Each structure stands twice: as structure tokens, then as C-alpha cells.
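Close look at the chain arrangement
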Amino acid sequence: IYGGLKALPGAQPWQASVQVKPKGTTLPFKHICGGILIKPCWVLTAGHCIDKKNDFQVVLGGLDLGKVEPSDQTLQVVETIVHEEYKETHDRVQNDIALLKLKAKDGKCAEESQFVKTACLPSEAFPDGTECTISGWGATPTSQHGSSQLLDAEVLLISQGVCSSSKVYGAAVDQTMFCAGILEGGVDSCQGDSGGPLTCARNQTHYVYGVVSWGDSCGEKNKPGVYTRVTHFLDWIKAKTASTAA
Ligand code: 4AZ
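Identification of the protein chain as trypsin from Astyanax mexicanus is taken from an unreviewed UniProt entry.

Now the structure itself:
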């Protein structure tokens, strides 16, 4: 996260760290992407975070990735579902969305606490200019390897007209995506934040409106972050997660 601050305990309780243990090694799990808890057994993330060859785990409730904290809940992933039309081309990713099904222990997956809560799925659009929140452990201006502390920042929703104008991203951005940030630069998501949340609030309820997806570099003028537009994928999310009551 560029232009962010240390997240306060409990401020982003849906934030997940998506971690992999490369197959056929004994290396420990390491953070690769963010994720968003949307149901006790389901984490939403980006399609480009999922390489099916890997074993995944998800850590919820943590702020410092370098420490084991009492609020941590570490869960195994039993199924990864990448969008059927996920595509990576030279200049962009499309349908950059995936779901991770968590493994239940004693019949439960994530347990709600002060530090672990689900984010709601949005049912309608938020207006351009709405102030929303991004968070993650990704790269910062002073650390390309990311931050061990969870950071968050406020960004503004940018209109589709501006986002797909030639001075910003042109035709690389379509209706399944949106831009958010500050056009002057300085506040943005970055590598390692991918898959994580952009949430917008209405009446004290937090909605997962975007999934960190891509962008040209980080924090540059006229190159805001590009987010998967969750409202475009609601039917897909509901269909895939309908198999479990939780
Ligand atoms: C990345 O490489 C990435 N500034 C994520 C977000 C942004 C750029 C790159 C947005 O995962």
C-alpha cells in the first residue's frame, strides 16, 4: 500500500493473508496475496493469485505477518475456484476473481471475533467520488518486498469515463473493472496487495466493492489502481458459494 498507515486492530477484520507452500518443498507458507472473508468458509481473492500447483492457507485476524498473534486464525484451503473466463493478456487481466474454500475444524471455519468478521457483498453501485478503503501487506514506497504490518489507505472511486480515457488506461479497462485512487498519485495498492479488499461503507456496513487486481506501477500520476468490480460477479460468487450454508 502506498500512502497508507498502520491499520488499527479490528479495522479490517475481513482482510486475509493468502499464503502458499510450493508443492514438493518443506519451505514454510509465505504471503503472496490478500483476500477477503465473505462467509465463514469462503475467501474472495484475485484469479492471478492462484496457481493450482500450490498448497494454500489463509491467515485471518492478524496485523503483523512476522508474528504469531493471539487473534490469528490459520485455516487450510480445501478448494480453489478461479473464474472460468479468467484471462491474462499482455496489458491486463480479465475476470480476475477467485474463491478459496476454507477447511472446517469441528464443523466451523472462521470464527467471528473482534478481529475476524465477514464483509458484505454489495447489491448496488457506489457513486463516483465515494471514499473507500484499501488494505494489505504489499509493497510500499520504501519496501518493495511489502510491509510486515497491515496498512490501510483511503481512495476515491474514479468514473469509468476517466478511467478508460486515453490519459489513464484506455480500452484496457472495461465494465468488469473500475479504477480507484488519487489521480495526482501517491495513494495506491501495489504488488502483494492483489486479491485484497477495497471496501466502501454505507450506514456503518462495509461492502467489498473491489478486489485489488492490477495497475501500471504504483502511486503514479494518472495511473490509479484497477479493481475487479465485485457487483459484476455477484451471481458467480453466489452460485459458487451456495454449496455450503456457512
Ligand atoms: C501487482 O503487481 C499490482 N497499483 C497490484 C496493484 C497495482 C499494481 C500492481 C495497482 O500485483
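On we go.
Take the site of the ligand next. In the region of the ligand, the neighbouring residues are Asp188, Ser189, Cys190, Gln191, Asp193, Ser194, Val212, Trp214, Gly215, Cys218 and Gly225. Here the residues of the shell around the ligand are counted per class, giving four nonpolar, five polar and two charged.

What follows is about the sheet that holds strand β4 (residues 42–45). Backbone-to-backbone hydrogen bonds join strands into a sheet, with any given pair of strands oriented parallel or antiparallel. The antiparallel closed barrel is built from six strands, whose spatial order is β2-β3-β4-β9-β6-β5. Averaged over all pairs of adjacent strands, the angle between their axes in this sheet comes to 40°, without regard to strand direction. The pairing of strand β5 (residues 55–60) with strand β6 (residues 73–82) spans four bridges and is antiparallel. Bridged to Gln57 within β6 is Gln76.

Let us look at the nonpolar core. With 69 residues, the main nonpolar core has Ile36, Leu37, Val58 and Leu102 as its most contacted residues. In this structure Val58 touches Ala16, Ser17, Val18, Gly35, Val43, Leu75, Val77, Leu100 and Leu102, once residues within four positions along its chain are discounted.

Relative to the assigned elements, Arg92 resides in the loop between β7 (87–88) and β8 (93–94). Placed 134 residues apart in sequence, Arg92 and Val226 show a C-alpha to C-alpha distance of 9.7 Å. Not counting residues within four places of it along the chain, the set of residues in contact with Arg92 comprises Ala172 and Trp214.

Now for the pairing of strand β2 (residues 15–21). Summarising burial for β2: six of the seven residues are buried, a large majority. As defined by bridge partners, β2 adjoins strand β3 (residues 30–39) across six bridges and the pair is classed as antiparallel. Its bridge partner being in β3, Gln15 is matched across the sheet by Ile36.

Cut-off values and rules
Residue positions are given per chain, counting from 1 as you read along its sequence in written order. The predicted origin of the model limits local features to residues at a pLDDT of at least 70 and limits the giving and counting of side-chain atom pairs to 80 or more, whereas totals for whole chains, interfaces and linings rest on all residues. In this entry, near means the residue's backbone-placed C-beta atom lies within 6 Å of the molecule or strand. Three classes are used, and their members are as follows: Ala, Val, Leu, Ile, Met, Phe, Trp, Tyr, Cys and Pro are nonpolar, Asp, Glu, Lys and Arg are charged, and the others, Gly among them, are polar. Following DSSP output, two strands are said to pair if at least two bridges run between them. Here a strand is any run of E in DSSP of at least two residues, a helix any run of H or I of at least four, and the numbering for each starts at the N terminus. Every axis in this analysis is a line fitted to C-alpha atoms, fitted for helices over the stretch in contact. Angles between the N-to-C directions lie between 0 and 180 degrees. Working definition: the nonpolar core is a set of buried Ala, Val, Leu, Ile, Met, Phe, Trp, Tyr and Cys residues, joined through C-beta atoms within 7 Å. To assign burial, the other C-beta atoms lying within 10 Å of each residue's own C-beta are counted, with C-beta atoms placed from the backbone; 20 or more indicates buried, 12 or fewer indicates exposed, and intermediate counts indicate partly exposed. Note on contacts: residues are paired as contacts if their backbone-placed C-beta atoms lie within 7 Å.

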